[in-house]
Amino acid sequence: MSETILEIRHLSKTFGSHAVLKDVDFTVRKGDVTSIIGASGSGKSTLLRCVNLLETLTTGDILFHGESVISGKVNQSAYRARVGMVFQSFNLFSNLTVLQNCVIGQRKVNRVPQKEARDRALYYLNKVGMLPYINARPSQISGGQKQRAAIARALAMEPEVLLFDEPTSALDPEMVGEVLDVIKSLAAERMTMLVVTHEMAFARDVSSQVVYMADGVIVEEGPPSQVLSDPQDLRTREFLRRFLGQNAENL
Amino acid sequence: MFEQLFKDIGIVWAKYGTVYLTGILNTLLLATGATLIGCVIGFICGILQTIPIAPGDFWLKRFLLRALRAVIRVYVEVFRGTPMILQAVFIYYGMPYFFGIAFRDIWTVSMLVVSVNTGAYMAESVRGGIMSIDPGQFEGAKAIGMNHFQTMLYIILPQTLRNILPQIGNNYIINVKDTSVMFIIGFQDFFAVHKMVSGATFKYFPSALLEMGGYLFLTLLASFLLRTLERKMKGQSNYELVNTDQLVLTAGNYKFSGQAPYEETNRDYRREEP
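To keep things clear, this report deals only with the structure shown in the data block. Nothing here was measured: the structure is a model prediction, and the numbers come from that model.

Procedures and definitions
- Residues numbered from 1 in each chain as written.
- Chains lettered and ligands numbered in written order.
- Predicted model: local features only at pLDDT ≥ 70, side-chain atom pairs only at ≥ 80, totals over all residues.
- Heavy atoms only, no water.
- Helix = DSSP H or I, 4+ residues; strand = E, 2+ residues; numbered from the N terminus.
- Buried < 20%, exposed > 50% of the residue type's maximum accessible area, 1.4 Å probe, protein only.
- Contact = heavy atoms within 4.5 Å.
- Areas by Shrake-Rupley, 256 points an atom, 1.4 Å probe, with all protein chains shown as cover.
- Pairing = 2+ DSSP bridges.
- Axes fitted to C-alpha atoms, helices over the stretch in contact; angles between N-to-C directions.
- Core = buried A, V, L, I, M, F, W, Y, C linked by side-chain atoms within 4.5 Å.
- Salt bridge = Lys/Arg side-chain N within 4 Å of Asp/Glu carboxyl O.

Counting its regular elements, chain A contains nine helices and 10 strands. Looking at chain A as a whole, 59% of its 251 residues qualify as buried. Of the contacts formed within chain A by residues at least 6 apart in sequence, a portion of 64% connects residues at least 24 apart. Carbon and sulfur atoms provide 46% of the accessible area of chain A, an area that totals close to 9400 Å².

In structure tokens:
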């Protein structure tokens with residue numbers, strides 16, 4: 001059993017009177033690649049945003065290495081620096097170049113010396129195949145390139161967990177592959193990741209664990225062979241059937 | 001028919017040319033200094049006003065932030081809502097009543113009045129500029145662990161500054177012209193020179209013509225300089241592709257702090273069993 005990094009306990013989130021997440025519990029262990037799937041509005045993204053404290057939890061707790069991150073004892077910014085996040089809309093800093101995007105967090109948050117920060121940024125930009133574009137501004141590169149740069153930015157902080165919020169949903173179809181390839185290579189290196197995705201084939205091939213969510217609760221979780229190929233719950237089956245159409249058997 | 005006009009302008013310029021130039025210099029110094037100080041005031045107010053108040057914050061923090069917002073609101077409304085000429089009179093002649101001192105340095109009072117007035121306008125520009133930044137920029141910064149202060153300083157404010165540069169230019173040009181109302185407390189700006197010269201020579205129109213030309217020259221120059229600055233801040237429209245190897249770029253120094261943060265073991269999809 002590998003080390004537990006994140007524990008989400010009885011997490012609930014309401015916007016006004018609308019309950020988006022209801023008593024969600026789950027655990028992320030070191031080296032896990034967890035795919036979170038589910039229909040739009042099922043609370044997947046909100047769950048991820050709660051994990052990174054971009055949303056305030058209504059009730060419940062998040063434990064990072066066994067320590068509550070909302071108790072006030074843990075500095076929330078320091079926690080976020082150790083939990084990377086990649087957004088659907090990239091959110092690269094538009095006033096900085098690709099290289100500066102990957103350097104600034106290291107310099108200002110982790111207090112890494114300039115040279116080391118630059119070298120590490122180049123190492124990760126090379127890894128995602130963005131080395132030629134280090135001098136470009138975010139407005140000058142394509143969506144797929146932006147997302148790869150955003151992944152390098154998150155990696156340069158050397159986080160323990162990386163959260164992906166629908167990383168390919170805002171991309172043109174021909175760019176989806178290049179981003180998924182990067183995420184796959186990270187999975188191959190046993191990077192701990194939590195991926196909200198609509199790419200079922202990706203979830204099947206890359207995840208060690210799949211979580212199916214509906215109406216703010218986790219309906220089913222387990223290895224992809226179970227959840228995707230042999231779903232127990234009626235809602236999971238229905239979702240997969242609708243999502244995959246005729247291809248459900250092929251999974 | 002313009003012969004007389006040119007002659008009169010010649011007479012006025014020959015006698016008062018250096019006075020006009022001093023007036024121009026004073027106007028420029030006051031307008032530039034006050035715009036810069038006004039921008040600083042505006043940025044401070046804009047930043048303080050946009051500090052997020054979370055429901056979970058300590059009550060004292062929430063109270064202080066709300067009080068701060070109220071104070072800035074009052075400042076903006078008062079100085080935006082009254083004529084600058086009156087503000088000058090108010091402060092210049094009001095000081096002795098409030099502080100018991102005759103506050104008679106005209107430069108200080110003028111700079112104070114125009115700065116504070118510009119600051120009131122800039123506070124709103126900066127607030128609007130910050131609000132117009134994509135929320136994703138805040139989230140991106142938060143997600144790599146930046147606190148609010150770092151997010152503002154390194155990410156949001158540089159973008160805000162670029163976005164509100166046209167507004168700053170607007171304020172600067174307005175200040176070049178509107179510093180003329182400081183003649184009311186005896187500030188020797190460009191317009192005050194006209195009052196003085198026309199009073200002495202009765203050549204109202206020739207002097208007014210000089211003034212019109214002078215002001216237009218100043219504002220056109222300001223527009224041009226601001227456009228240039230805007231272009232500079234926009235950055236280059238091209239970038240160079242880097243075709244060098246990463247190891248060359250880092251001069252073999254890529255072995256930073258240690259290994260990768262995760263184990264580079266074989267691909268294993270299954271969770272290990274205990």
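Strand pairing in a sheet takes place through backbone hydrogen bonds and is either antiparallel or parallel in direction. All names here are of chain A. The six strands are arranged β6-β7-β8-β3-β9-β10 in an open sheet whose pairing can be described as mixed. Each having just a single partner strand, β6 (83-86) and β10 (217-222) make up the two edges of the open sheet. Along the sheet, successive strands turn relative to each other by an average axial angle of 20°, direction set aside. Sheet analysis places β6 next to strand β7 (residues 161-165), joined by four bridges and oriented parallel.

This part covers the nonpolar core. Residues and elements named next belong to chain A. Counting residues in hydrophobic clusters, the biggest one holds 45 residues, and the most contacted among them are Leu125, Ile151, Leu162, Phe164, Ile183, Leu186 and Met193. Among the elements that line this core, the one with the most residues is helix α6 (residues 173-188), at eight residues. Setting aside residues no more than four positions away along its own chain, Met193 makes contact with Asp32, Val33, Thr34, Leu162, Phe164, Ile183, Leu186 and Ala187. By size, the runner-up hydrophobic cluster in this structure holds 31 residues, among which are Leu11, Val69, Met85 and Leu163.

This part takes up the sheet that holds strand β4 (residues 59-64) of chain A. Residue and element names in this part refer to chain A. In spatial order, the strands read β2-β1-β4-β5; together these four strands make up an open sheet with antiparallel pairing. Two strands in the sheet have a free side with no partner beyond their single neighbour: β2 (18-29) and β5 (67-68). Where strand β1 (residues 4-15) lies against β4, five bridges are found, and the strand directions are antiparallel. The partner of Leu6 across the bridge, within β4, is Phe64.

Another aspect to go through is the pattern of salt bridges. Residue and element names in this part refer to chain B. Applying the stated rule across the entire model yields 18 salt bridges over all chains. In this structure, Asp8 engages Lys203 in a salt bridge whose closest nitrogen and oxygen atoms are separated by 3.7 Å. Taken together, the residues Asp8 in helix α1 (residues 3-49) and Lys203 in the loop between α7 (190-201) and α8 (204-234) connect sequence positions 195 residues apart. Note on Asp8: relative accessible area 13%, which makes it buried. Lys203 sits in the partly exposed class, given a relative accessible area of 23%. Within the structure, one salt-bridge network assembled from shared partners comprises Arg73, Glu77, Arg80, Glu124 and Arg127.

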